[in-house]
Amino acid sequence: MPIIKIEKLNSQLKTRRERYMEEILTFTIDEKRELLELTKSIERNLDKEFLKRSYKFIKEKIYTAIEEGKLQRDSLGFNPVVTDLHTACLVGQEIGFQSEIMASIMLNRCVESGVTGIDEVKEFFGESVTKILSNIMQINALYAKSPTIETENFRNLLLSFTNDMRVILIMIAGRLVMLRGLFGSTDTNARKMVAREASKLYIPLAHKLGFYKLKSEMEDLALRYTESEVYAELSRKLEETAASREDYIASFIKPVERRLKAQPHLKFRIKGRTKSINSIWQKMKKQQRPFEQIYDLFAIRIIIDSEPNNEKSECWQVYSIVADMYTPNPHRLRDWLSVPKSNGYESLHTTVMGPEGRWVEVQIRTERMDAVAEHGLAAHWRYKGIKSEKGLDNLLASIRDTLENLGEEKEAESKFKMELYKDEMFIFTPKGDLYRLAKGATILDFAFAIHTGLGCKCTGALVNGRNVPIRHVLNNGDQVEIITSNSQTPKQAWLNIAKTSRARNKIRQSLKEISARQADMGREAIVRKLKNHKIELDEAVMDHLIHKMGFKRLTDFYQKVADGVLDIADVLKNYQALLNPGSENEEQSRSADNYSFNSEKEVKGSSDVLVIERNLKGVDYKLSKCCAPIFGDEIFGFVTINGGISIHRKDCSNAQQLHERYPYRIIEARWSDMGNNGTLYPVTLRIVGHDDIGIVTNITSVISQEKDVIMRGINIESHDTLFSGTLSLMLNGNIKLNKLIQKIEGVKGVKQVKRL
């Protein structure tokens with residue numbers, strides 16, 4: 001990222017461009033100090049040719065981004081300039097200050113902000129920088145949706161993006177920089193969120209790549225943010241025992257050093273280190289012991305400067321000397337010399353009984369092994385001095401192999417599985433949810449992957465903000481927003497568009513359901529017409545007619561009726577001809593004047609209208625209990641499974657669902673113009689009011705004075721100064737009901753009257 005040369009931290013900025021930087025992206029004094037140190041470190045380690053030409057280009061782009069106000073602090077308040085410089089330095093320290101990696105890290109914000117483009121970067125730096133930069137930007141785009149991503153799919157996506165495995169190393173370093181930056185933050189939730197993500201993803205990944213130094217620091221910071229009290233207590237106890245521990249380490253090392261120096265061919269160094277706070281805490285939990293009873297709080301490391309051919313023999317020679325001096329624990333010998341770990345780690349570990357009866361862990365390794373242990377696989381190749389393109393390819397292949405085989409070992413810190421999915425891709429919703437699909441999947445596949453209902457109504461999508469049709473093929477990392485329409489239904493042609501088995505199965509299932517619904521609509525239309533003519537459906541006769549008309553399946557016949565391909569009048573005529581040969585016209589004429597389920601045309605359309613009257617005959621109907629319609633209400637009919645008709649109010653709570661799910665079973669209905677002929681209908685009212693003396697008596701008095709109103713029951717409950725209750729009444733229609741409600745609302749103390 002930006003390299004900003006600041007000669008004096010408190011001096012007045014001289015150039016116009018620097019003044020813009022000060023005004024737009026404010027740098028604190030601490031950040032200025034960091035920038036000065038970081039830029040010096042980078043300049044000191046980069047080659048002269050890069051500094052002369054490329055470095056100038058990078059600085060120009062960064063200055064422009066700052067000047068135009070395109071570099072802003074992120075959602076956690078981090079300065080992007082400082083963050084990326086820290087990341088660049090950390091990556092450089094771990095795998096070397098390679099110009100390609102440095103340029104990619106320092107330029108990614110400039111490309112994201114539009115100050116420069118991928119094509120310009122490719123022309124200036126070449127293909128390698130462009131590939132690394134593209135990967136970094138893709139992952140940054142994912143994190144733009146959320147400061148942390150903890151899903152298993154994201155781990156896989158992270159790998160599928162990284163054609164160059166160096167990006168994985170950059171991501172680990174970037175997350176450690178963030179953890180360090182949160183040290184002084186007061187945002188507890190942010191600290192815990194980032195720490196949890198590091199524990200689930202980046203710490204195990206650093207472990208598998210052998211970056212133990214980075215891993216250990218991330219573990220301690222994660223513990224500090226998630227278990228602050230535990231961390232503070234262990235830190236305090238370690239500090240209190242530091243002096244005695246250092247004395248003990250010195251007393252242990254001194255005789256060992258003396259014996260090793262007696263071997264003239266051995267070149268070595270010895271150091272003692274206290275174990276990380278997190279490793280101590282994990283040991284306490286595993287052994288279920290307090291801090292005072294954890295004795296192996298430190299490890300002694302003997303590092304040999306050995307020739308490659310003599311590494312193993314000299315390590316075992318040192319082991320024999322230590323084992324002669326201190327009794328080893330045979331169950332705690334770990335030989336990673338003969339069979340190194342999958343991440344390249346090589347070392348010989350033993351635990352011996354030291355002075356005062358305390359167990360001490362001793363690690364024996366060579367300088368090369370120590371470099372690998374501290375800095376991972378990258379150090380292994382760098383230590384051998386392999387700087388060629390082939391050497392780099394070998395390094396990246398080793399890292400990829402490690403990641404592909406993550407999960408083979410059953411160590412406590414490698415429980416999660418991370419693979420490269422060569423035949424899969426990962427797609428985001430606008431909310432940041434991640435879905436895994438097969439390569440080649442379309443918009444339609446993605447819609448059905450989310451939900452069947454969404455897939456059935458899909459008409460297209462917005463992919464990365466661009467409108468595309470349902471047949472559009474998705475790419476890894478796309479952000480997709482599905483566009484739907486309530487009028488959309490699955491089509492047979494969709495089976496040729498969908499690529500995933502899930503989508504194709506759901507489409508077939510939906511097509512069958514649509515076909516079945518249409519068949520039901522056709523059958524019910526015929527049944528309704530027959531009932532209009534006072535004719536009961538004879539299944540045997542209808543089956544005979546269907547086969548006579550050339551249909552092999554009943555559903556095909558009824559579907560043609562629903563689609564309007566077959567005229568119901570013609571079907572009815574043919575049915576009557578089979579039912580009563582020669583008398584169909586007479587029957588039709590005789591019944592035309594008597595049916596109550598009329599085919600009268602109303603203003604709104606030409607559908608059949610059920611007219612509800614007291615002496616209605618030939619139609620099995622009933623008033624629905626869910627909404628209890630009464631004379632005068634706006635109503636509709638719903639054909640039930642047994643063929644009867646249920647009458648509902650148009651404002652019934654179930655009306656919308658019935659219309660949406662069963663539109664083919666809805667019929668128009670109205671009350672007869674002749675009036676209700678004295679029929680009384682049940683009604684329930686809910687009343688809320690002040691709990692005043694006599695208010696209930698006043699309400700019942702109003703009801704008793706009304707003609708054609710019968711009170712069937714009353715239920716009242718008191719709540720502090722209010723009461724609520726229900727009245728069960730019988731009355732002759734909604735006109736009478738509305739008048740009664742107005743009168744009850746006029747009673748003093750009544751706050752609300754509502755029909756249930």
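Residues numbered from 1 in each chain as written. Predicted model: local features only at pLDDT ≥ 70, side-chain atom pairs only at ≥ 80, totals over all residues. Heavy atoms only, no water.

This paragraph deals with the overall build of the protein. Along the protein, the regular secondary structure elements total 29 helices and 21 strands. A separation of at least 24 residues holds for 67% of the contacts in the protein among residues at least 6 apart in sequence. (Helix = DSSP H or I, 4+ residues; strand = E, 2+ residues; numbered from the N terminus. Contact = heavy atoms within 4.5 Å.)

Here the focus is helix α13 (residues 228-240). Here α13 contains 13 residues, and its C-alpha end-to-end distance of 18 Å stays within 8% of the 18 Å for a straight helix at 1.5 Å per residue. Those residues of α13 not exposed but buried are Val230, Tyr231, Leu234, Lys237 and Leu238. The buried residues of α13 occupy an angular sector of 135° when the element is viewed end-on, so they sit on one face. For α13, the exposed residues lying more than 90 degrees away from the buried face are Glu229, Glu239 and Glu240. Where the residues of α13 are buried, they touch α12 (212-226), α14 (242-261), β1 (268-274) and α15 (277-287). (Expected span 1.5 Å × (residues − 1). Buried < 20%, exposed > 50% of the residue type's maximum accessible area, 1.4 Å probe, protein only. Arc of directions from axis to C-beta.)

The subject of this paragraph is the packing of helix α10 (residues 166-181) against helix α11 (residues 188-208). At a closest axis distance of 10 Å, the pairing of α10 and α11 adopts a crossing angle of 145°. Between α10 and α11 the crossing geometry is left-handed. Across the interface between the two elements, Ile168, Met171, Ile172, Arg175, Met178 and Leu179 of α10 pack against Val194, Ala195, Glu197, Ala198, Tyr202, Leu205 and Ala206 of α11. (Axes fitted to C-alpha atoms, helices over the stretch in contact; angles between N-to-C directions. Left-handed = near helix turned anticlockwise from the far one by under 90°.)

Here we take up the side chain of Glu197. Topologically, Glu197 is positioned in helix α11. Its relative accessible area of 0% is what places Glu197 among the buried residues. Engagement of the side chain of Glu197 in a polar contact is seen with the side chain of Arg175, the distance being 2.9 Å. (Polar contact = N/O pair within 3.5 Å; in protein donor to acceptor, adjacent residues only side chain to side chain.)

Turning next to the packing of aromatic side chains. If you walk through the whole model with that rule in mind, you get 11 aromatic pairs. Considering the side-chain rings of Tyr435 and Phe446, the 5.7 Å spacing of their centres and the 90° angle between planes classify their relative orientation as edge-to-face. Remark: Phe446 occurs in helix α19 (residues 443-450) and Tyr435 occurs in strand β8 (residues 434-438); sequence separation between them is 11 residues. With a relative accessible area of 0%, Phe446 lands in the buried category. Considering the side-chain rings of Trp671 and Tyr681, the 5.8 Å spacing of their centres and the 70° angle between planes classify their relative orientation as edge-to-face. Pair noted here: Trp671 is in strand β17 (residues 666-671) and Tyr681 is in strand β18 (residues 681-690), with a separation of 10 residues, a long-range link. Ring-pair connections join several aromatic residues into one group, and the members of that group are Phe57, Phe124 and Phe125. Above the face of the Tyr248 ring, Arg358 is positioned so that its terminal group lies 4.3 Å from the ring centre. (Phe/Tyr/Trp six-rings, centres within 6.5 Å; stacked < 30°, edge-to-face > 60°. Lys NZ or Arg CZ within 6 Å of the ring centre and 35° of its normal.)

Here we take up the sheet that holds strand β21 (residues 750-755). Read from one edge of the open sheet, four strands run β19-β20-β18-β21, paired in antiparallel fashion. Both outer strands of the open sheet, β19 (709-719) and β21, are each paired with one neighbouring strand and no more. Neighbour-to-neighbour, the strand axes of the sheet open up by a mean angle of 20°, direction not taken into account. The pairing of β18 with strand β20 (residues 722-731) spans 10 bridges and is classified as antiparallel. Within β20, the position partnered with Arg686 by the bridge is Thr726. Running at roughly 165° to β21, helix α29 (residues 734-745) makes contact with β18, β19, β20 and β21 of the sheet. (Pairing = 2+ DSSP bridges.)

It is worth spelling out the pairing of strand β7 (residues 424-428) at this point. Consecutive side chains of a regular strand alternate in pointing toward one face of the sheet and then the other. Of all five residues that make up β7, four are buried, and the element is covered over most of its length. Where β7 lies against β8, five bridges are found, and the strand directions are antiparallel. When the sheet's bridge partners are listed, Glu424 is paired in β8 with Ala438.

Tallied over the entire structure, the rule returns 23 salt bridges. For Arg368, the salt bridge identified is with Glu346, shortest N-O distance 2.8 Å. Here Arg368, found in helix α17 (residues 367-383), pairs with Glu346, found in the loop between β4 (334-335) and β5 (348-353); they are 22 residues apart in sequence, far enough to count as distant. Salt bridges sharing common partners tie together Glu233, Arg236, Lys237, Glu240 and Glu292. (Salt bridge = Lys/Arg side-chain N within 4 Å of Asp/Glu carboxyl O.)

We now examine the pairing of β18. Here β18 pairs with β21 via five bridges, running antiparallel. Bridge pairing links Leu685 to Arg755 in β21.

Residue placement: Ser276 occurs in the loop between β1 and α15. Sequence-distant contacts of Ser276, defined by excluding residues within four places in its chain, comprise Ser216 and Asp220.

To continue, consider the nonpolar core. Membership of the largest hydrophobic core comes to 67 residues, with the highest contact counts inside it found for Ile42, Ile58, Ile101, Phe125, Ile172 and Met218. Sort the elements by how many residues they give to this core and α10 lands first, with 11 residues. (Core = buried A, V, L, I, M, F, W, Y, C linked by side-chain atoms within 4.5 Å.)

Of all residues in the protein, 81% attain a pLDDT of 70 or more, and the chain-wide mean is 77. Mean pLDDT across the secondary structure elements of the protein bottoms out at strand β12 (residues 597-598), with 38, and peaks at α19, with 93. A low-confidence stretch, residues 380-392 (pLDDT under 50), is modelled with 18 contacts involving residues beyond four sequence positions or located in other chains. (pLDDT = per-residue confidence, 0-100.)

This brings us to a nonpolar patch on the surface. A cluster of nonpolar side chains, Val696, Met711, Ile714 and Ile716, forms an exposed patch at the surface whose accessible area comes to about 280 Å². In terms of residue count, β19 provides more of the nonpolar patch than any other element does, three residues in total. Along the chain, Ile716 turns up in strand β19. (Patch = residues over 30% accessible without salt bridge, like charges linked within 9 Å, V, L, I, M, F, W, Y side chains within 5 Å. Areas by Shrake-Rupley, 256 points an atom, 1.4 Å probe, with all protein chains shown as cover.)

Let's shift gears to the sheet that holds strand β10 (residues 466-468). Spatial ordering of the open sheet is given by β10-β9-β11, a layout of three strands whose pairing is antiparallel. Both outer strands of the open sheet, β10 and β11 (480-484), are each paired with one neighbouring strand and no more. The mean angle between the axes of side-by-side strands here comes to 30°, regardless of whether they run parallel or antiparallel. When strand β9 (residues 458-463) meets β10, the two strands line up antiparallel, connected through three bridges. For Val463, the partnering residue across the bridge sits in β10 and is Arg466.

Moving on to the packing of helix α4 (residues 54-67) against helix α7 (residues 118-125). Taken N-terminus to C-terminus, the directions of α4 and α7 make an angle of 160°; their axes are 11 Å apart at the nearest point. Here α7 runs roughly antiparallel to α4, going by the angle between their axes. Our pair here, α4 against α7, has a crossing hand that is right-handed. Residues Ser54, Phe57, Ile58 and Lys61 of α4 form the contact with α7, whose participating residues are Glu120, Phe124 and Phe125. A breakdown of the residues in the contact of α4 with α7 according to their chemical character gives four nonpolar, one polar and two charged. (Parallel < 35°, antiparallel > 145°, perpendicular 65-115°, else oblique. Nonpolar A, V, L, I, M, F, W, Y, C, P; charged D, E, K, R; others polar.)

To continue, consider the environment of Ile635. If you trace the backbone, Ile635 turns up in strand β15 (residues 635-639). On the basis of relative accessible area, Ile635 is assigned to the buried category, the value being 2%. Residues Ile635 and Glu668, spaced 33 residues apart in sequence, show a C-alpha to C-alpha distance of 7.8 Å. Those residues in contact with Ile635, other than ones at most four positions away along the chain, are Ile612, Pro629, Ile647, His648, Arg649, Lys650, Ala669, Arg670 and Trp671.

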